[in-house]
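# Per-entry structural report
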Amino acid sequence: MRRTVSIVCFILFLSSPSFGADLSGNSRTYLRFMESTNDDTFNPLYEYFDFHISNINGKDISFFFGGWLSYDLADISYNKRYDNNLQYAFIQYNHRASEFTAELGRFYVFEGIASEQIDGVYVKKYFRKKFGLAVYGGIPVETDFDERGGDSIYGGRLSFEGRSYILGLSYLKEKNDSNDFREETGIDLYLRPLNEIELTGHSDYNIGESGWQEHSYYLSISPASSLYIKPLISWIDYRNFFYSPTTSAFRFDPAIVDPNEKLLTYGGSVEYNVGPFIISGDYKRHNYEIHESADYYGGSITYLSISPIFSKKKGSLGISVHRMDGKIESLKYNEYRFFASLNLNKVSLATDIIDIKYDLERNGVKNAYAISGYLGYSLTKNLILSADAEYGKNPEFDREVKTMLKVIYRL
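Read on for an overview of the structure.

Take the overall build of the protein chain next. Secondary structure summary: the protein chain contains two helices and 23 strands in total. Counting the 411 residues in the protein chain, one finds 35% classified as buried. Within the protein chain, contacts between residues at least 6 apart in sequence are counted, and of these 40% link residues at least 24 apart. As presented, the protein chain carries roughly 23,600 Å² of accessible surface, and 58% of it is formed by carbon and sulfur atoms.

Structure, rendered in structure tokens:
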């Protein structure tokens with residue numbers, strides 16, 4: 001709390017008239033109502049702040065801040081009634097003419113193999129508009145679960161850019177309690193040999209375990225202005241991909257998921273635009289080495305603008321049908337979805353209905369569904385009130401109800 005108050009005071013100081021800076025930001029308040037599988041009731045109240053102060057003292061200097069506070073009005077969520085988190089708070093120097101950027105504080109790094117939250121420093125520079133170098137270093141926020149003494153992270157990315165390609169080579173090294181925790185390297189690629197063809201992808205290698213973590217590549221082909229063909233292929237080695245977990249979500253129970261598992265996914269989608277309609281079909285093959293494999297396929301029709309029905313108002317309307325066809329009973333079901341949205345000036349409406357029909361019952365349930373609705377109202381240009389609710393039934397819940405109230409203010 002003291003840290004948060006100090007940062008807010010710093011923000012007000014930087015945005016004072018004496019500095020001549022520009023201030024913008026958002027305040028988002030969420031109140032949720034939900035229950036757990038053991039009937040515990042959670043009513044967490046969240047307050048999210050994010051601010052951006054630019055042109056500080058007329059310079060190429062900016063300050064970014066984002067964080068949240070929470071308080072549970074009912075039972076104690078995750079053994080805590082009160083919680084808070086500082087997502088980012090950093091000073092940035094961005095000199096566009098020389099294509100140089102530097103950041104200091106808590107920030108997120110997305111450079112090739114890295115997708116990290118760090119307390120430290122980040123520097124990026126382009127040379128002759130074709131060669132780029134980004135380096136970073138500091139203390140990883142993710143390993144805060146066991147104190148921060150001896151924790152460190154550093155890495156970087158080299159990039160080579162041309163009119164039709166971007167090639168990146170990246171490296172990351174992380175220590176926890178002064179012991180090696182992660183060491184990875186990767187290649188990321190973007191190719192556009194023709195305006196109608198784009199290829200993106202990356203390959204990540206686990207240096208510590210001497211094995212590939214993942215290969216993921218996506219191709220987009222547009223032989224006509226209204227036709228899009230998007231093949232994809234990916235491969236994941238579970239042991240190398242999840243070898244240094246920082247949360248229980250990535251710690252495998254061998255009785256459920258074998259760490260020796262490998263997954264090959266391939267398939268793609270075809271999309272065709274006919275006026276306001278989008279007609280699409282997709283197919284994915286999930287091919288496991290140990291677990292039973294499955295095919296997922298289907299199609300959808302979306303109507304992007306319903307202005308002929310509602311005057312000049314905008315919205316969307318769509319349906320989709322998919323089939324999950326696996327070798328085990330839990331992976332044999334049909335999935336149906338209906339969704340719609342409408343914007344009536346100050347009022348926004350939306351609904352989403354998903355229905356899953358299992359071939360055989362799961363925990364006594366053969367038909368699982370979720371029905372959600374959204375209602376938003378703009379009191380002013382900068383103030384929005386909204387609420388959404390979801391009601392459903394599935395193999396884990398006989399009756400599942402979730403609601404959320406939101407207040408969003410744009411500064």
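Picking up where we left off.
With that settled, consider the pattern of salt bridges. Scanning the model with the defined rule gives 19 salt bridges in all. With a closest N to O distance of 3.0 Å, Glu116 and Arg182 form a salt bridge. One end of the pair, Glu116, is in strand 7 (residues 114–127); the other, Arg182, is in strand 11 (residues 179–194), and 66 residues separate them in sequence. In this structure, Glu116 and Arg182 share a single accessibility class: buried. The partner of Lys332 in a salt bridge is Glu329, and the shortest N-O contact between them spans 3.9 Å. Through salt bridges with shared partners, a single ionic network connects Glu111, Lys124, Arg157 and Asp188.

Quick look at a nonpolar patch on the surface now. The grouping of Phe127, Leu133, Val135, Leu158, Phe160, Tyr165, Leu167, Leu169, Ile187 and Leu191 at the surface amounts to a nonpolar patch, some 730 Å² of accessible area in total. Within the residue set of the nonpolar patch, elements represented by two or more residues are strand 8 (131–140), strand 9 (152–161), strand 10 (165–176) and strand 11. The element contributing the most residues to the nonpolar patch is strand 10, with three residues. Under the relative-accessibility criterion, Ile187 is labelled partly exposed at 38%.

Right, let's talk about the environment of Ile353 for a bit. Examined against the element boundaries, Ile353 turns out to sit in strand 20 (residues 347–362). Judged by its relative accessible area of 31%, Ile353 is partly exposed. Residues in contact with Ile353, not counting those within four places in the same chain, are Tyr336, Arg337, Phe338, Ala370 and Ile371.

Reading the values: rules and limits
Residues numbered from 1 in each chain as written. Predicted model: local features only at pLDDT ≥ 70, side-chain atom pairs only at ≥ 80, totals over all residues. Heavy atoms only, no water. Helix = DSSP H or I, 4+ residues; strand = E, 2+ residues; numbered from the N terminus. Buried < 20%, exposed > 50% of the residue type's maximum accessible area, 1.4 Å probe, protein only. Contact = heavy atoms within 4.5 Å. Areas by Shrake-Rupley, 256 points an atom, 1.4 Å probe, with all protein chains shown as cover. Salt bridge = Lys/Arg side-chain N within 4 Å of Asp/Glu carboxyl O. Patch = residues over 30% accessible without salt bridge, like charges linked within 9 Å, V, L, I, M, F, W, Y side chains within 5 Å.

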